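Reading the structure
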Amino acid sequence: MLLPIKWLKDYVDTDKSSRELADGLTLSGSHVESIDSHDEVINVVVGKILKIEDHPNADKLVICTVDIGTDELIIVTGAKNLTVGDYIPVAKIGAKLPNGIEINKTNFRGVDSFGMLCSLKELGFHDNVIPKEMKDGIFILDKEYPLGKDILEVLELREAVIEFEITPNRPDCLSIIGMARETAATFNYELKEPKIEIKNEVDDIYDYTNGISVETDKCQRFYSRVIKDVEIKPSPLWLQTRLMEAGIRPISNIVDITNFVMLEYGQPLHAYDLNHLNGKKIIVRQAKNGEKLVTLDGNERIFDQNDIIITDAEGPIGIAGVMGGLDSEITNETKIVLLEGANFNSKNVRLTSKKLGLRTEASTRFEKGIDPNLCSVAVERVCQLVELIGAGTVVKGSIDVYNEVKEPKKITLRPERVNMLLGIEIPVEDMLASLNGLGIKSTFDGVLIHAIIPTFRLDIDIEADLIEEIGRLYGFHNIEPKPLLGGLTRGEKPFNLRIEDKVKSILQGLGLNEVMTYSFISPKAYDKINLPEDDSHRKYIRLLNPLGEDYSTMRTTLLPNMLELLSRNYNRGVESVYAYEIGNTFIPKNLPITELPDEKKVLSIGSYGDTDFYELKEIVEITLSKLGIKSYQYEREENNPTYHPGRTARLYSNGEYLGIIGEIHPDVLENYDMKARVYTAQIDFDKVVELTNLEIKYKPLPKYPAMVRDIAIVVKEDVLVGDIEKIIMKHGLGLIESLKLFDIYRGSQIGEGLKSVAYSIVYRSYERTLTDDEVNEIQDSIIRDLENSIGAKLRSI
């Protein structure tokens, strides 16, 4: 929001410098971004062209004789828009212009030039605010001015422009009057709002239009008036400079006035060429799917049923709250204008603006919310200015469609509550002064302050909002810091986050590095890991506005992210990687989605290099063990196309599925350009948290000795080690303290298709010393069961 100080002074009498104003408004809650001025323009004055002659040695140059009041200067220029008698800005020798330019005597093809004729850009205006007709030539003043007078005084550019960052909850500050109100309240000035009065009205509005029809509840108000005998021409210089300083390009008098009032009050307005409206009627309604309109920027826009549009009797003529249509725009031939001051649903305007990629000054204001009571004020102000500059004749009467009138809210305020929350003692009189200064009419009945909230303050709803207003005008910087009062409670992380921290610590201690990957992946990622078409992981959520195809779906598994990371490191020459991630997956409850998806955390572990399946298994088991999860089982997995069929297992705990660990299938590795073996684990972290038991029970050191027995058996290659261990533990009678696999042998000595498995079994009783006979009996029962159940043959004991 750009605030020209000269414009501000129309509403408040202040002699504060721009720096003082900026500092004061910052302290009262209005954040200043920058202060800009035309101070770099020095020694540029008004001149009059007396004579224009062709340059004898250059076809594209002319020689101008310019009167600056005290002297006549010869100035050479290449501008083509000059005529004798024009009043123009003249930079004399020694003049300084923006960007460090200094004017000196210059010789152009044998002719000395004693200055320079200036364009608006050379006076410090940006290209985007310069009128199109003045972009490529010298700035020609609109009328006669005293020759030799400083151009900054003529253009009223002596004052600076302050740029503010307006927070979304203060749309009332997106206006000059809104910031003037803040200035008046901050510095205790009187606010002088414009007195709107129209002196001459003729005819009747229904002589020119067939009315306004609002057919959607997304338009709260539509206020309209008509202006006839319109003469389209450039605006007066004061109006153009006000707009340019505020960041708006002047176009023509009628359009400039609507933009001026929009900046003044914060109410977007639109002017239609009434002769181009079919049926002489305005209709506000929801669009139909596929309806089209060419907007003022020349682009065709296609609507759907969620958009609000303005139409005449035949079709769309504008996008409500965003931009008007090309066919009904104001042109040089316009003679009758219909003015629109409307209030549209902020959410609809925001969604339409975003969908069409069309953000305008109007949509910026509408999407933050606007007081519907401003509609009539702003349109009446336009009529007043039209009459003031002689741009047309105001037609008597107005059309106002306003079904639910917005009334001021009433809030009661406890003075003691103000002082308690702010921690200071502010007299009630000062509270009333602050609130009334902001336009909040307030009275005190001896106990409570009764405040009437103006409808333009959309951000004030409760007592605390009024306390904030009093506090910021008092100055939060003036409030002495005090220690907190009341009891403090010690905060801590919830259980699941503490477990997450513990798992990270365990894995880092085992030599793994934590990684973080994007939650958005490509739909092609599911093809790269060879998932079947009917796999549940392919039921993913698509993003409406993705950054690109590679980030267009919300992941249902972390495996593609881990494989991409391992592949990237492998192909950049990293010899080995041990990595883990604890991240969210997003599982839709239904498609298309009608509610938020389930977010499930997954522990993803990945490695390649000097590693194997058993190292990955050990990492998982150590992690589970340190979380107090002692009971877990493995089952061979042979049907998952992502994993190697003989080197993969499903992990369970007490019958509940925890995840999968194993070696990635060579076909999948080929999709990721990897030749090294890759091992991954995908563990349901939420289930791990549920099973975690951090309660530690201590027991005394054993009094009785242990007995150790080793056993080696030969079994078929497809017999699972886990099945062998189940049989051994089944016969342990509670006396097996530990069971450790210490050797697996395959070779010619035991035959093809067989393997030798060797265990070390530790027996101990905590009540007595075991005898050899007891242990031998258990060993014998184990061997018999192994022979009978899985066809094992004893190799050695």
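Thresholds applied
- Residues numbered from 1 in each chain as written.
- Predicted model: local features only at pLDDT ≥ 70, side-chain atom pairs only at ≥ 80, totals over all residues.
- Heavy atoms only, no water.
- Pairing = 2+ DSSP bridges.
- Helix = DSSP H or I, 4+ residues; strand = E, 2+ residues; numbered from the N terminus.
- Contact = heavy atoms within 4.5 Å.
- Axes fitted to C-alpha atoms, helices over the stretch in contact; angles between N-to-C directions.
- Domains from an automatic or database assignment.
- Buried area = accessible area lost by both parts, 1.4 Å probe.
- Salt bridge = Lys/Arg side-chain N within 4 Å of Asp/Glu carboxyl O.
- Polar contact = N/O pair within 3.5 Å; in protein donor to acceptor, adjacent residues only side chain to side chain.
- Nonpolar A, V, L, I, M, F, W, Y, C, P; charged D, E, K, R; others polar.
- Buried < 20%, exposed > 50% of the residue type's maximum accessible area, 1.4 Å probe, protein only.
- Expected span 1.5 Å × (residues − 1).
- Lys, Arg positive; Asp, Glu negative; His and termini not counted.

1. Brief notes about the sheet that holds strand S34 (residues 633-636)
Read across the open sheet, the seven strands follow the order S28-S32-S33-S37-S36-S35-S34; overall the sheet is mixed. Single-partner strands in this sheet number two, and they are strand S28 (513-514) and S34. Bridge count between S28 and strand S32 (residues 577-587): two bridges; the pairing is parallel. Paired with Glu514 across the strands is Tyr580, a residue of S32. In the packing of helix H13 (residues 495-509) onto the sheet, the strands contacted are S28, S32 and strand S33 (598-608), and the crossing angle to S32 comes to about 155°. On the sheet, helix H16 (residues 613-626) packs against S32, S33, S34, strand S35 (643-653), strand S36 (656-664) and strand S37 (678-684) and is oriented at approximately 155° with respect to S36.

2. Considering the domain arrangement of the protein
Partitioning the protein into domains gives domain 1 (2-32 + 168-187), domain 2 (42-154), domain 3 (201-402), domain 4 (410-454 + 461-478), domain 5 (495-691) and domain 6 (707-794). Placing a centre on the C-alpha atoms of domain 1 and another on those of domain 4 gives a separation of 21 Å. Across the contact, seven residues belong to domain 1 and six residues belong to domain 4. When the buried area of domain 1 at its contact with domain 4 is split by residue, Leu27, Ser28 and Ala185 rank highest and sum to 61% of it. Our enumeration of links across domain 1 and domain 4 arrives at one salt bridge. Among the ionic pairs, Glu182 bridges to Arg472, the shortest N-O distance being 2.8 Å. Put simply, domain 1 and domain 4 have two residue pairs in polar contact (both at pLDDT 80 or more) between them. With four residues, the top contributor of residues to the side of domain 1 that touches domain 4 is helix H4 (residues 176-187). Split into classes, the residues belonging to the side of domain 1 that touches domain 4 amount to two nonpolar, two polar and three charged.

3. Here we look at helix H2 (residues 18-27)
The complete set of buried residues in H2 reads Leu21, Ala22, Gly24 and Leu25. For H2, the secondary structure elements touched by its buried residues are helix H1 (5-8), strand S2 (31-36), strand S11 (161-165) and H4. Two residues or fewer past H2, Gly29 is found with a positive phi of approximately 110°.

4. As for the sheet that holds strand S29 (residues 520-521)
Across the sheet, which stays open at both edges, the three strands sit in the order S29-S31-S30 with antiparallel pairing between neighbours. Each end of this open sheet is capped by a strand with a single partner; those strands are S29 and strand S30 (541-542). Of the pairings in the sheet, the one linking S30 to strand S31 (residues 553-554) comprises two bridges and is antiparallel in character. Opposite Ile541, over in S31, you have Met554 as the bridge partner.

5. A word on the pattern of salt bridges
Counted by the stated rule, this structure contains 51 salt bridges. The partner of Arg158 in a salt bridge is Asp150, and the shortest N-O contact between them spans 2.5 Å. Salt bridges linked by common partners bring Arg170, Asp172, Glu182, Arg457, Asp459, Glu469 and Arg472 together as one network.

6. Some details on the pairing of strand S20 (residues 316-319)
With three bridges connecting them, strand S19 (residues 308-311) and S20 associate as antiparallel partners. Paired with Ile309 across the two strands is Ile319, which belongs to S20. Between S19 and the antiparallel strand that follows it, S20, lie four residues. Sheet analysis places S20 next to strand S21 (residues 323-324), joined by two bridges and oriented antiparallel. Bridged to Gly318 within S21 is Gly324. Counting the residues in the hairpin turn of S20 and S21 gives three residues, including Gly321, whose phi is positive at 80°.

7. Let's talk about helix H15 (residues 559-570)
Taking 1.5 Å per residue, 12 residues should reach 16 Å; H15 reaches 16 Å between its end C-alpha atoms and fits that length. Restricting attention to buried positions, one finds in H15 the residues Leu559, Pro560, Asn561, Met562, Leu563, Leu565, Leu566 and Ser567.

8. Here we look at the side chain of Asp86
Of note, Asp86 is situated in the loop between strand S5 (72-77) and strand S6 (87-97). At 9.8 Å, Lys48 is the nearest oppositely charged side chain to Asp86, a buried residue that forms no salt bridge. A distance of 2.8 Å separates a polar atom in the side chain of Asp86 from the backbone nitrogen of Thr83. Here Asp86 is in contact with Gly47, Lys48, Ile49, Asn81 and Ile140, once residues within four sequence places are set aside.

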